[in-house]
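Single-letter residue listing:
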Amino acid sequence: MRRWASLAALGAALTMGAHGADAKKKDKREDASGPAPYASTYKPYPGRPTALVGATVYDGRGGRIDNGTVLFEGGRVVGVGAADLAVPSGYDRIDGRGKFVTPGVIDIHSHLGVYPSPSIEALSDGNEMTSPTTPDVWAEHSVWPQDPGFTRALVNGGVTSLQILPGSANLMGGRAVTLKNVASRTVQGMKFPGAPYSLKMACGENPKRVYGGKGQKPSTRMGNFAVNRQAWIDARQYMEGDHAERDLGKDTLEGVLKGEIMVQNHCYRADEMALVLDMAKEFGYKVTAFHHAVEAYKIGDLLRANDVCAAIWADWYGFKMEAYDGIPENAALLAKQGACVVIHSDDENGIQRLNQAAARAQAAGRRIGVDVPDAQVVGWFTYNAAKAMGIGEKTGSLEKGKMADVVLWNGNPLSVYSRPEKVWVDGALMYDAADPKRKPVSDFELGQPGEGDVK
Amino acid sequence: MSRRLVLAAALAASFLAPCAAFAQDFAVTNATVATGDGGEPIANGTVLVRGGKVVAAGAGVAVPAGVQTVDGSGKWVTPGLFSAVTDLGLWDVEGVDDSNDTSADKSPFNAALDVVPALNPASEHIGVSREGGVTRASVTPFNAESIFAGQGALVDLGADPAMVVKGRAFQYVELGESGGRLAGGSRVAAHAALRNALREAREAVALQPGAQRQGDVLLTREDALALGRVIDGTQALYVGVERAADIRSVLALRAEFPKLDLVLVGATEGWLVASEIAAAQVPVITNPMHDLPASFEMLAATMSNVGRMKKAGVKVAIGMFAGSDQPRYAPQQAGNLVALGRIQGATGLSWGEALAAITSVPAEISGLGGKAGILAPGAAGDVVLWDGDPLELSSAPVAVWIDGVKQPLGNRQSRLRERYKDLDETYQPKAYAW
């Protein structure tokens, strides 16, 4: 978090310098600036003061409390402690004995809403495959809030926040959006208040295949880099200019250069990640996380030194050439190097089982003598994801003052036999396994076979 | 009658013949034994394998003198996992077309396509799956430009060249939405294509040697002859279908073609027509994790599908492992069905039933009932020793035997892992660590 703040400060200093050089020229964009466009209208739903008592608590930041107590009220966590933590009067007391409590699960890489179910052409809005760089498009303008996938992620996966990314056809795919996993009529009603934007970038096979296939640049990896570098040069020039003519795409890239917009970079191969890190240095921006980084284990030292997270599957491999060297020990070897691990889904089914994927990755490590404690593994799908989405100060862990995004599991979340029993978002009970009506059913599923069924 | 039948007979004779030369007699003792028969695990049990076959499994099994014993204390023993309807051995890198033999979109043939010559026992994925406890599989071709994908094979995953257990074990036809698309644009077209193909097959098989086929045919001679085995029921017909109404249409085919040996693949909405499937005695191979309306033919998808069908009396196996849905995920999927048992309103499987759904049941559906996927006298000596509850995420095989032969468990992934266990290049580049 500290590094992120300092980069933002650096960006601000550069901007001021540019303005200083041409102080009389007014920045027309600033004139036009009002409240953020498409702002979040999400408001937490009412909740009751709640005490979860007697459960094993994983706080998301490596802490574990046996027979713990978690208190939340007014949408916020107000206390996390041992059995001796007093439960204030007026709290609903939930017996958590034999159960587990974690922060709400967070998926840093999802395409729910932009590639929704049903998977049909009419609803496929995740890749603006008309130009290799489309930093001007925003995923939130594609999100279909009625995607039933959101409901499954909540009920089966305990997912309370998620980042929706554009696809990886383009080198610069556009802006991602971070959502609260709360059913809403509008995407604005899901937007995570105050979450920073991220730019989705992609290296490797996809962009060169898509555009090479159309007989245009880039058709090679070197073409990928050339197009990216020119885009950064142009963005820098724009940033230092007067913004007389507003450019949506360059607005996004300027935000990255100023440290206001994070970079989520789809990249599989170790050698390519190293090149991307140098490109970031060349142009003065920071890569927040490499996504699908199946070869991250080969450069755990480099990732740690550059403070970049690896957002990965547990053990997907082999489905394309750049995924050929994927191994189940990826997460554990990264953890051994002290690098940041995030377990992601990129999948409407996988998002329902991020906890299970993390457990698989943990087990693979244990078999080669890398023993990552359960409490740290829970951080792979909670706090680390939040941090890499720029919302680590607000959610992702059970700490006093943070959003009461909480899952009560009916067993250890790292066991295949466990499921969410209750899920709270900002202290509001949004799923309860014991109450068939307390779960969302999307408009799409109303009146269809299986409406409201256990899924 | 022909060479084809002779060949089939020869294949039948060699059915499941173990590599006796390397098979060792052994017993695993003091382990928790789960035989795969649907029952609950047996504490402190023994599995005895001789001559490549299971001799006995359970409690109170005496180990004859001289038989090597493996102490299974604290461990679990199961039959090898059976991966039903998979692409194992047909690709190296799925997205690299040159290495991928799952489908052929420019071939003039469809039903005649037979995966056997393409199967590669040295495939990396065979090794990875074997390390995950998978010992046998039914490998299917995938559709390209026809509703008929071709003929699949039963294989074992032993680290030896003899991979094929039974070639031409089943024909695969795709109906429903994608079948309709392949047939020209509608389910109506798919059913017309299927009926026409079966009619042409019947005529082709009936032709006297040297006789000419009629001119108005759509299938090549090879495709028509291949489907001849489907009409008379000597070869199973695997039908890819999801929607409840489509399942009914498939079951109705029996009225016209009584000998069809049908197996439903997919059947996401099977629970809506479970009693009809059960009454028709048609087994199902499905991906149990589907719970989203991924298409309009899967609107009623739920993870309770398997449990509800099983409860209605349908024989259901977990399967359809292809691409990133790897065969080694079978235990996790089975475990998830056990987890449903504690969810109000859901229908899951008992632990024993869940294990059976990835061992004996898929073996039975594949025609290997009692011969594989089960620890019972006379079954193949496919045995997996696990370091814990085999359905749990933390568990993995510590030893795998196929036909009584102890298998190597290393693979390319383990080599990469060993190379990069540390990142020290002080004295040499990593390329020298091998």
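If you're wondering where the values come from, they're calculated on a predicted model, not measured in any experiment.

### A look at the overall build of chain A
Phase 1: Along chain A, the regular secondary structure elements total 12 helices and 16 strands.
Phase 2: Taking 455 residues into account, the globule formula puts the C-alpha radius of gyration at 23 Å, and chain A, at 22 Å, falls close to it.
Phase 3: Principal-axis analysis of the C-alpha atoms gives chain A an extent of 60 × 50 × 45 Å.
Phase 4: The 455 residues of chain A split such that 58% are buried.
Phase 5: If you take every contact in chain A between residues at least 6 apart in sequence, the share linking residues at least 24 apart comes to 70%.

### Digging into the interface of chain B and chain A
Phase 1: Each partner contributes residues to the interface: chain B has 43 residues there, and chain A has 46 residues.
Phase 2: Of all elements in the fold, only α9 (330-339) and α12 (412-419) of chain B reach the threshold of two or more residues within the side of chain B that touches chain A.
Phase 3: In terms of residues, the side of chain B that touches chain A owes the most to one element, α9 of chain B, which gives five residues.

### What to know about the environment of Gly179 of chain B
Phase 1: By the secondary structure assignment, Gly179 of chain B is in helix α3 (residues 176-182).
Phase 2: Apart from residues no more than four positions distant in its own chain, Gly179 of chain B is found in contact with Ile147, Glu174, Arg187, Ala190 and Gly240 of chain B.

### Comments concerning the pairing of strand β6 (residues 105-110) of chain A
All names here are of chain A.
Phase 1: With six of six residues buried, β6 is to be regarded as a mostly interior element.
Phase 2: In this structure, β6 lies alongside strand β7 (residues 159-164), joined through four bridges in parallel fashion. Counted as the bridge partner of Val105 is Val159 from β7.
Phase 3: At this point the chain moves from β6, through helix α3 (residues 148-155), to the parallel β7, and the crossover so formed is right-handed.

### Examining the sheet that holds strand β8 (residues 148-156) of chain B
Phase 1: As summarised here, the arrangement of the eight strands in space is β6-β7-β8-β9-β10-β11-β12-β13 (chain B), forming a closed barrel in which the pairing is mixed. When the angles between neighbouring strand axes are averaged without regard to direction, this sheet yields 35 degrees.

### What about the UniProt feature "domain: Amidohydrolase" (unreviewed entry) in chain B?
Phase 1: The UniProt record marks residues 277-404 of chain B with the feature "domain: Amidohydrolase" (unreviewed entry), using the residue numbering of this structure.
Phase 2: Taken as a whole, residues 277-404 of chain B contains 26% helix and 15% strand, while its terminal C-alpha atoms sit 37 Å from one another.

### A closer look at the nonpolar core
Phase 1: One finds Ala310 and Val342 of chain A together with Leu264 of chain B to be the most contacted residues of the largest nonpolar core, which totals 262 residues.
Phase 2: If we skip the residues at most four places from it in the chain, Val342 of chain A touches Ile108, Ala289, Cys309, Ala310, Ala311, Trp380, Asn384, Ala385 and Ala388 of chain A.

### Observations concerning the sheet that holds strand β11 (residues 289-291) of chain A
Residues and elements named next belong to chain A.
Phase 1: As summarised here, the arrangement of the eight strands in space is β6-β7-β8-β9-β10-β11-β12-β13, forming an open sheet in which the pairing is mixed. The open sheet terminates on both sides in strands that have one partner only, identified here as β6 and β13 (341-343). Going from strand to strand, the sheet's axes swing by 25 degrees on average, the running direction of each strand aside.
Phase 2: In the sheet, strand β8 (residues 172-180) pairs with strand β9 (residues 198-202) via four bridges, with the strands oriented antiparallel. Bridge pairing in β9 links Ala176 to Ser198.
Phase 3: Where helix α10 (residues 354-367) meets the sheet, its contacts fall on β6 and β13, and the angle it forms with β13 comes to roughly 130 degrees.

### Here we look at the pairing of strand β6 (residues 81-86) of chain B
Residues and elements named next belong to chain B.
Phase 1: The element β6 is largely enclosed, with a buried count of six among its six residues.
Phase 2: Taken together, the four bridges between β6 and strand β7 (residues 134-139) define a ladder with parallel strand orientation. Its bridge partner lying in β7, Phe82 is registered against Arg136.
Phase 3: Two strands pair when backbone bridges link them, and β6 and strand β13 (residues 316-321) are joined in this way by two bridges, in the parallel orientation.

### Focus on α12 of chain B
All names here are of chain B.
Phase 1: Those residues of α12 lying buried are Gln413, Leu416 and Arg417. Axial view of α12: buried residues confined to an arc of 100 degrees, hence all on one face.
Phase 2: Buried residues along α12 sit in contact with α2 (124-131).

### Here's the deal with unusual backbone geometry
Residue and element names in this part refer to chain A.
Phase 1: The step from Ser117 to Pro118 runs through a cis peptide bond, and the omega angle for that step is 0 degrees.
Phase 2: In this fold, Pro118 is placed in the loop between β6 and α3.
Phase 3: Between Lys217 and Pro218 the backbone carries a cis peptide bond, its omega angle lying at 5 degrees.
Phase 4: With respect to the element layout, Pro218 can be found in the loop between α4 (205-212) and α5 (221-239).
Phase 5: In this structure, Asn67 is a non-glycine residue whose phi angle is positive, near 50 degrees.
Phase 6: Along the polypeptide, Asn67 turns up in strand β2 (residues 64-73).
Phase 7: You can call Asn67 partly exposed: it has 14 C-beta atoms within 10 Å.
Phase 8: Its identity as a non-glycine residue notwithstanding, His292 has a phi of 65 degrees, on the positive side.

### Side note on the environment of Ala300 of chain B
Phase 1: With respect to the element layout, Ala300 of chain B can be found in the loop between β12 (284-286) and α8 (305-311).
Phase 2: In this structure the C-alpha to C-alpha distance between Ala300 of chain B and Glu392 of chain B, which are 92 residues apart in sequence, comes to 28 Å.
Phase 3: Not counting residues within four places of it along the chain, the set of residues in contact with Ala300 of chain B comprises Pro449 and Gly450 of chain A together with Glu269 and Leu272 of chain B.

### Some points on the packing of α5 of chain A against helix α7 (residues 270-283) of chain A
Helices that pack against each other are described as a pair by the angle of their axes relative to one another and the distance between those axes.
Residues and elements named next belong to chain A.
Phase 1: The N-to-C vectors of α5 and α7 enclose an angle of 20 degrees; their axes lie 11 Å apart at closest approach. What the angle tells us is that α5 and α7 run roughly parallel. Crossing of α5 against α7: the hand is right-handed. Facing α5, whose interface residues are Phe225, Asn228, Arg229, Trp232 and Arg236, α7 presents Leu275, Met279 and Phe283.
Phase 2: In the contact of α5 with α7, the residues fall into five nonpolar, one polar and two charged.

### Describing the environment of Cys203 of chain A
Phase 1: Tracing the backbone shows Cys203 of chain A in the loop between β9 and α4.
Phase 2: Not counting the four nearest positions on each side in its chain, Cys203 of chain A is found in contact with Asn224, Asn265, His266, Cys267, Glu272 and Val276 of chain A.

### Examining the confidence of the model for chain A
Phase 1: With 93% of its residues at a pLDDT of 70 or more, chain A has an overall mean of 93.
Phase 2: The low-confidence segment residues 1-32 of chain A, where pLDDT is below 50, has 28 contacts with residues more than four positions distant or belonging to other chains.

Criteria and cut-off values
- Along each chain, the written sequence defines residue order, and numbers are assigned to residues from 1.
- Throughout, the order in which chains and ligands are written sets their labels, letters from A for the former and numbers from 1 for the latter.
- This being a predicted model, a pLDDT of at least 70 is required before a residue's local features are given, and a value of 80 or more before pairs of side-chain atoms are given or counted; all residues contribute to the totals for chains, interfaces and linings.
- Think of it this way: any DSSP run of H or I at least four residues long counts as a helix, any run of E at least two long counts as a strand, and we number them from the N terminus.
- The quantity called the radius of gyration is restricted to C-alpha atoms. Its globule counterpart is 2.2 Å times the number of residues to the power 0.38.
- Counting other C-beta atoms within 10 Å of a residue's own tells you its class, since 20 or more makes it buried, 12 or fewer makes it exposed, and anything in between is partly exposed; those C-beta atoms are placed from the backbone.
- Here contacts are defined at the residue level, using C-beta atoms placed from the backbone and a cut-off of 7 Å between them.
- When DSSP finds two or more bridges between a pair of strands, those strands are recorded as paired.
- A right-handed crossover is one whose linking path, passing over the helix from the first strand to the second, runs clockwise when the strands point away from the viewer.
- Axis definition: a line fit to C-alpha positions, over the contact stretch in the case of helices; interaxial angles, taken between N-to-C directions, run 0 to 180 degrees.
- UniProt positions are given in the numbering used here, feature names are shortened, and annotations may be inferred rather than shown by experiment.
- Here, a nonpolar core means buried Ala, Val, Leu, Ile, Met, Phe, Trp, Tyr and Cys residues linked by C-beta atoms lying within 7 Å of one another.
- The arc in question is the one traced by the directions running from the helix axis out to the C-beta atoms.
- Any angle between 65 and 115 degrees counts as roughly perpendicular, while under 35 counts as roughly parallel, over 145 as roughly antiparallel, and the rest as oblique.
- Crossings are classed by handedness, with left-handed meaning an anticlockwise turn of the near helix from the far one by less than a right angle and right-handed meaning a clockwise turn.
- Three residue categories are used. Nonpolar comprises Ala, Val, Leu, Ile, Met, Phe, Trp, Tyr, Cys and Pro, charged comprises Asp, Glu, Lys and Arg, and polar comprises the others, including Gly.
- Values of pLDDT, the confidence the predictor places in each residue, fall between 0 and 100.

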